[in-house]
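Fold and contact review
In case you want the letters, here they are:
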Amino acid sequence: MPELPEVETIVRGLHGDLVGRLFIGATVLWGREIHGLSPSEFADRLVGQRVVGLRRRGKYIVSDLSRDVLLIHLKMSGRLYVAAAGQNTEHDRWVRVAFHLDNGRELRFSDARKFGRVYLVADEAEVTRNLGPEPLADTFTLEAFRALLAGRRGMVKSLLLHQGFIAGVGNIYADEALWHARIDPRRNVNTLEATEIERLYHAIRQVLETGIQLGGTTVSWYRQPDGTPGGYQSRFRVYDRAGEPCPNCGAAIRKIWLGQRGTHFCESCQR
DNA sequence: CGGACAACCTGGCGGC
DNA sequence: TGCCGCCAGGTTGTCC
């Protein structure tokens, strides 16, 4: 589900509900989603810590606490939302961890597929040290992107999905960015020309920024914290549109598999 | 290092 | 209606 725009939307939506609050307990309903700690160790360590900040790093939701750092990765089907204790909502059936707050409300981590992970660590680098740069940071310039690509090889789509290369891009925004940049996802990055690198750089930033503006992409599980769907699916040019006409040239959009991921593109526009 | 693939899981959907 | 197979926004580890 969640790529950079969805995670960013969630962080922004939860900020007011969480920052300044105190954790007074945690109920763990699926222990394997907690990394490295038993459910009781996790709850004991969390209780008494205050939320100092909430931010995003790649696809991780990062909460700075009074002593530790709480990180949550939503993987494919994770959702995060705040509700009053006792109040029922649509996705409660799949809640794996409930974080109890000091104001009678709770943060719920719902995750149908159980791939998601929660980390409570003293040093966030334990979790995020292998992530590449943030594609929307001011420091991520065209020059920085060029430098990042220097000496790399392999299929461009696979590289975009590699979190150690750039943090936050996933399958939807990778396919969409490559369409906007008019680059075939199978191209080896060591064959990209300067103009193509420049188009790709702008396309990556543009699709991610638009994704954030529209509150993310809802295909199935993802909702904003207030329950409303995102809107970026209305901007899809190729993703989930196999067989439909390319918005640019009208040719049928193809779907192939690259690595284990479905890949959508226009063979006529993307070279 | 790059690529292929299995594993981790459940739910929804199309086909029969 | 019921069952079966396939597909899904992600990551990690193994093997070649």
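Report on the accompanying structure. In this text the structure is predicted, and so the values were computed from the model without any measurement.

Points about empty space enclosed by the protein
Empty space among the atoms becomes visible once a probe the size of a water molecule is rolled across them. In total, this model carries 1 cavity of 30 Å³ or more according to the counting rule given. Approximately 60 Å³ is the volume attributed to the largest cavity. Taken together, Leu-14, Leu-18, Phe-23, Val-51, Leu-54, Ile-61, Ser-63, Leu-70, Ile-72, Leu-80 and Leu-107 form the lining of the largest cavity. For the lining of the largest cavity, the secondary structure elements donating two or more residues are α1 (4-18), β2 (51-57), β3 (60-65) and β4 (69-73). Among the residues making up the lining of the largest cavity, the classes are represented as 10 nonpolar, 1 polar and no charged.

With respect to unusual backbone geometry
Positive phi, normally seen in glycine, also occurs at Lys-114, with a value near 65°. By relative accessible area, which is 28% here, Lys-114 ends up partly exposed. Despite not being glycine, Arg-182 has its phi angle at roughly 60°, a positive value. Relative accessible area serves as the criterion here: at 39%, Arg-182 is assigned to the partly exposed category.

Quick notes on the pattern of salt bridges
Overall, the coordinates contain 18 salt bridges when judged by the stated rule. Close ionic contact of Arg-55 with Asp-64 constitutes a salt bridge, the shortest N to O distance being 2.8 Å. Judged by its relative accessible area of 28%, Arg-55 falls in the partly exposed class. One salt bridge connects Arg-108 with Asp-92, and the closest N-O pair in it is separated by 3.1 Å. On the criterion of sequence distance, the pair formed by Arg-108 in strand β7 (residues 105-111) and Asp-92 in the loop between β5 (78-84) and β6 (95-101) is long-range, its members being 16 residues apart. Among the residues examined, Arg-108 registers a relative accessible area of 5% and is labelled buried. Shared partners join several salt bridges into a network, and the residues in it are Glu-8, Arg-12, Arg-56, Arg-57 and Glu-134.

A short note on the packing of helix α4 (residues 142-149) against helix α7 (residues 194-213)
Relative to each other, α4 and α7 sit at 115°, their axes nearing to 10 Å. Pair α4 / α7 crosses with right-handed handedness. Two secondary-structure elements touch here, α4 through Leu-142, Phe-145, Arg-146 and Leu-149 and α7 through Ile-197, Glu-198, Leu-200, Tyr-201 and Ile-204. Its residues placed into classes, the contact of α4 with α7 shows 7 nonpolar, no polar and 2 charged.

Section: the nonpolar core
Phe-145, Leu-160, Leu-200 and Ile-204 are the most contacted members of the largest nonpolar core, which totals 32 residues. Listed by contribution, the elements that provide at least two residues to this core are α4, α5 (156-161), α6 (171-181) and α7. Sort the elements by how many residues they give to this core and α7 lands first, with 8 residues. Apart from residues lying up to four places away in sequence, Ile-204 is in contact with Pro-135, Phe-145, Leu-160, Ile-166, Val-169 and Ala-177. Listed in part, the 30 residues of the second largest apolar core include Ala-43, Phe-99, Leu-120 and Tyr-222.

Some thoughts on the packing of aromatic side chains
What the rule picks out here adds up to 11 aromatic pairs. Between Phe-42 and Phe-99 the ring centres are 6.1 Å apart and the planes differ by 75°, which places this aromatic pair in the edge-to-face class. Of the two residues, Phe-42 is situated in helix α2 (residues 39-46) and Phe-99 in strand β6; the sequence distance between them amounts to 57 residues. Grouping residues by exposure puts Phe-42 and Phe-99 together as buried. Ring pairs connect the aromatic residues Phe-140, Phe-145, Phe-165 and Tyr-201, which therefore count as one cluster. The residue whose ring lies beneath Lys-114 is Trp-30, and the NZ or CZ to ring-centre distance is 3.3 Å.

Quick word on the sheet that holds β4
The strands making up a sheet associate through hydrogen bonds between their backbones, and the pairing can be parallel or antiparallel. Spatial ordering of the open sheet is given by β2-β3-β4-β8, a layout of 4 strands whose pairing is antiparallel. Of all strands in the sheet, those bounded by a partner on one side alone are β2 and β8 (117-121). Here the average twist between neighbouring strands, direction ignored, is 15°. Of the pairings in the sheet, the one linking β4 to β8 comprises 5 bridges and is antiparallel in character. Bridge pairing links Leu-71 to Tyr-119 in β8. This element, α1, spans β2 and β3 of the sheet and lies at about 170° to β2.

How each quantity is defined
- Every chain is numbered independently, its residues counted from 1 as its sequence is written.
- Here chains are named by letter from A upward and ligands by number from 1 upward, in the order in which they appear as written.
- Whole-chain, interface and lining totals are the exception, using all residues; otherwise, since this is a predicted model, local features are given only for residues with pLDDT of at least 70 and side-chain atom pairs are given and counted only at 80 or more.
- Calculated side-chain values reflect all of the structure's heavy atoms, with hydrogen atoms and water omitted.
- Only protein atoms enter the 1 Å grid, on which a cavity is a set of points fitting a 1.4 Å probe that cannot get out and a pocket is an open set with protein on both sides within 12 Å along at least 5 of 7 lines, lining residues being those with an atom within 4 Å of a point.
- Grid points are joined across faces, edges and corners, and a volume is the space filled by probe spheres set on the points.
- Helix and strand definitions follow DSSP, with helices as H or I runs of at least four residues and strands as E runs of at least two, each counted in order from the N terminus.
- We call Asp, Glu, Lys and Arg charged. Ala, Val, Leu, Ile, Met, Phe, Trp, Tyr, Cys and Pro are nonpolar, and the rest, Gly among them, are polar.
- Classification of residues uses two cut-offs on accessible area relative to the type maximum, computed with a 1.4 Å probe and protein chains only: under 20% is buried, over 50% is exposed, and between them is partly exposed.
- Each reported salt bridge corresponds to a side-chain nitrogen of Lys or Arg within 4 Å of a carboxyl oxygen of Asp or Glu.
- Whenever a helix is involved, its axis is fitted only over the stretch in contact; in every case the axis is a line through C-alpha atoms, and angles between N-to-C directions fall within 0 to 180 degrees.
- For any helix crossing, the convention is left-handed if the near helix is rotated counterclockwise from the far helix by under a right angle, and right-handed if that rotation is clockwise.
- Contact between two residues is taken to exist if any of their heavy atoms lie within 4.5 Å; hydrogens are not considered.
- We define a nonpolar core as any set of buried Ala, Val, Leu, Ile, Met, Phe, Trp, Tyr and Cys residues linked to one another through side-chain atoms lying within 4.5 Å.
- Within 6.5 Å between ring centres, the rings of Phe, Tyr and Trp (the latter by its six-membered ring) count as paired, and their orientation is classed by plane angle as stacked under 30 degrees, edge-to-face over 60, tilted in between.
- Only lysine NZ and arginine CZ atoms are considered, and such an atom sits over a ring when it is within 6 Å of the ring centre and within 35 degrees of the ring normal.
- The criterion for strand pairing is that DSSP finds at least two bridges linking the strands in question.

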